[in-house]
Amino acid sequence: DARVTQTPRDKVTEMGQEVTMRCQPILGHNTVFWYRQTMMQGLELLAYFRNRAPLDDSGMPKDRFSAEMPDATLATLKIQPSEPRDSAVYFCASGAGSGGSYNEQFFGPGTRLTVL
Amino acid sequence: GQSLEQPSEVTAVEGAIVQINCTYQTSGFYGLSWYQQHDGGAPTFLSYNALDGLEETGRFSSFLSRSDSYGYLLLQELQMKDSASYFCAVHGYNFNKFYFGSGTKLNVKP
């Protein structure tokens, strides 16, 4: 069955290292969301793409985070350099959205990032 | 800005009915949705309200009152597998903004 996939599922790295997380949205979905979840902040929207174009990334720390969709089957979230406060679960979600109408988001299993 | 409030935790017994409330203060609000998340899992979509009133999907129903800036999720015939966290979320037109509440942890006891 169709589902969102994310890699890696777990990542442990040291402060200062670059981290790249990947997401494959469900085939045919044209919207992609990146979220970060922590106990303290809950679920936060980091970036939002429609038809591969970034529509909103206001929730993302611009100095170290970047999000891209090199093609319709791949979305990436990069942190450079990583810091301990970036430790969280990062979720990717996709949907068959169109402007003005709601379509549910399908979440991937998440990437658990630990920055030491 | 956007602010959503939910109770942090609710406990109920199997077979009972439970209501999880969500109040919001937001500008440019367009719709209210609900997601379920089991421990260690990913959020999954439950329900959506764009208009005032009740939406029913099996054992789950969701309600929205825009005039009261209030919504709720109603779970009937509770089962042990319903033990999870439940999040309400609001979004702006075109989904350029999407905000989740802090979540309500539901504990279902036998």
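The structure presented is a predicted model; accordingly, all values stated were derived computationally and were not measured.

K.L.:
Describe the sheet that holds strand S3 (residues 19-24) of chain A, listing the residues and the values that go with them.
P.N.:
Strand pairing in a sheet is mediated by backbone hydrogen bonds. Such pairs are either parallel or antiparallel. All names here are of chain A. Read across the sheet, 4 strands follow the order S1-S3-S8-S7 without closing on themselves; strand pairing throughout is antiparallel. Either end of the sheet is taken by a strand with one partner, and the two such strands are strand S1 (5-7) and strand S7 (65-71). Along the sheet, successive strands turn relative to each other by an average axial angle of 20°, direction set aside. By the bridge criterion, 5 bridges tie S7 to strand S8 (residues 74-79) in an arrangement that is antiparallel. For Asp71, the partnering residue across the bridge sits in S8 and is Leu74.

K.L.:
Please set out the side chain of Gln6 of chain A residue by residue, giving values where relevant.
P.N.:
Residue and element names in this part refer to chain A. Structurally, Gln6 is set in strand S1. Classification of Gln6 by relative accessible area gives buried; the value is 3%. A polar contact of 3.0 Å, which involves the side chain of Gln6, links it to the backbone oxygen of Tyr90. In terms of polar contacts, Gln6 uses its side chain to reach the backbone amide nitrogen of Cys92, at 3.0 Å.

K.L.:
Which residues make up the packing of aromatic side chains, and what values do they have?
P.N.:
Enumeration over the complete set of coordinates arrives at 13 aromatic pairs over all chains. Consider the rings of Phe33 of chain A and Tyr35 of chain A, whose centres lie 6.1 Å apart with planes at 15°: the pair is stacked. Ring geometry for Phe87 of chain B and Phe100 of chain B: centres 6.3 Å apart, planes at 80°, overall edge-to-face. Of this pair, Phe87 of chain B sits in strand S9 (residues 84-91) while Phe100 of chain B sits in strand S10 (residues 98-100); the two residues are 13 residues apart in sequence, bridging distant segments of the chain. For Phe87 of chain B, a relative accessible area of 4% corresponds to the buried category. Among the aromatic residues, ring-to-ring pairing joins Phe33, Tyr35, Tyr48, Phe91 and Phe107 of chain A together with Tyr35, Phe45, Phe87 and Phe100 of chain B into one connected group.

K.L.:
Give me the sheet that holds strand S6 (residues 53-57) of chain B: which residues, what numbers.
P.N.:
Residues and elements named next belong to chain B. Read across the open sheet, the 5 strands follow the order S1-S3-S8-S7-S6; overall the sheet is antiparallel. The sheet is open, and its two borders are formed by strand S1 (3-5) and S6, each paired with just one other strand. On average, each strand axis in the sheet is inclined to that of its neighbour by 15°, with strand direction left out of account. Judged from the 5 bridges that link them, S6 and strand S7 (residues 60-65) form a sheet pairing that is antiparallel. Bridge pairing in S7 places Leu54 opposite Phe63.

K.L.:
If you had to explain the side chain of Asn49 of chain B to someone new, which residues and values would you point to?
P.N.:
All names here are of chain B. With respect to the element layout, Asn49 can be found in strand S5 (residues 44-49). Using a relative accessible area of 1% as the deciding quantity, one classes Asn49 as buried. A polar side-chain atom of Asn49 sits 3.2 Å from the main-chain carbonyl oxygen of Gly53.

K.L.:
Talk me through the state of the cysteines; I want residue IDs and the actual numbers.
P.N.:
Per the stated rule, a full pass over the model turns up 2 disulfides over all chains. The disulfide that involves Cys23 of chain A links it to Cys92 of chain A, with 1.9 Å between the sulfurs. Disulfide Cys23 of chain A-Cys92 of chain A: torsion about the S-S bond near -60°, hence left-handed. With Cys23 of chain A in strand S3 and Cys92 of chain A in strand S9 (residues 88-95), this pair connects stretches of sequence that are 69 residues apart. The buried category is assigned to Cys23 of chain A, whose relative accessible area is 1%. At a sulfur-sulfur separation of 2.1 Å, the disulfide partner of Cys22 of chain B is Cys88 of chain B. Measuring handedness by torsion sign, the sulfur bridge of Cys22 of chain B and Cys88 of chain B sits at about 75° and is right-handed. Remark: Cys88 of chain B occurs in strand S9 and Cys22 of chain B occurs in strand S3 (residues 18-25); sequence separation between them is 66 residues. The residues Cys22 of chain B and Cys88 of chain B share a single accessibility class, namely buried.

K.L.:
I'd love a proper account of the pattern of salt bridges, names of residues and values included.
P.N.:
Residues and elements named next belong to chain A. The tally for this structure, following the rule as stated, stands at 7 salt bridges over all chains. The partner of Glu44 in a salt bridge is Arg36, with the nearest N and O atoms 3.3 Å apart. On the basis of relative accessibility, which here comes to 22%, the residue Glu44 falls in the partly exposed class. Among the salt bridges present, the one from Asp57 reaches Lys62, with a minimum N-O distance of 3.5 Å. Linked by salt bridges that have partners in common, Arg64, Glu83, Arg85 and Asp86 make up one network.

Parameters at a glance
Residues numbered from 1 in each chain as written. Chains lettered and ligands numbered in written order. Predicted model: local features only at pLDDT ≥ 70, side-chain atom pairs only at ≥ 80, totals over all residues. Heavy atoms only, no water. Pairing = 2+ DSSP bridges. Helix = DSSP H or I, 4+ residues; strand = E, 2+ residues; numbered from the N terminus. Axes fitted to C-alpha atoms, helices over the stretch in contact; angles between N-to-C directions. Buried < 20%, exposed > 50% of the residue type's maximum accessible area, 1.4 Å probe, protein only. Polar contact = N/O pair within 3.5 Å; in protein donor to acceptor, adjacent residues only side chain to side chain. Phe/Tyr/Trp six-rings, centres within 6.5 Å; stacked < 30°, edge-to-face > 60°. Disulfide = S-S within 2.5 Å. Salt bridge = Lys/Arg side-chain N within 4 Å of Asp/Glu carboxyl O.

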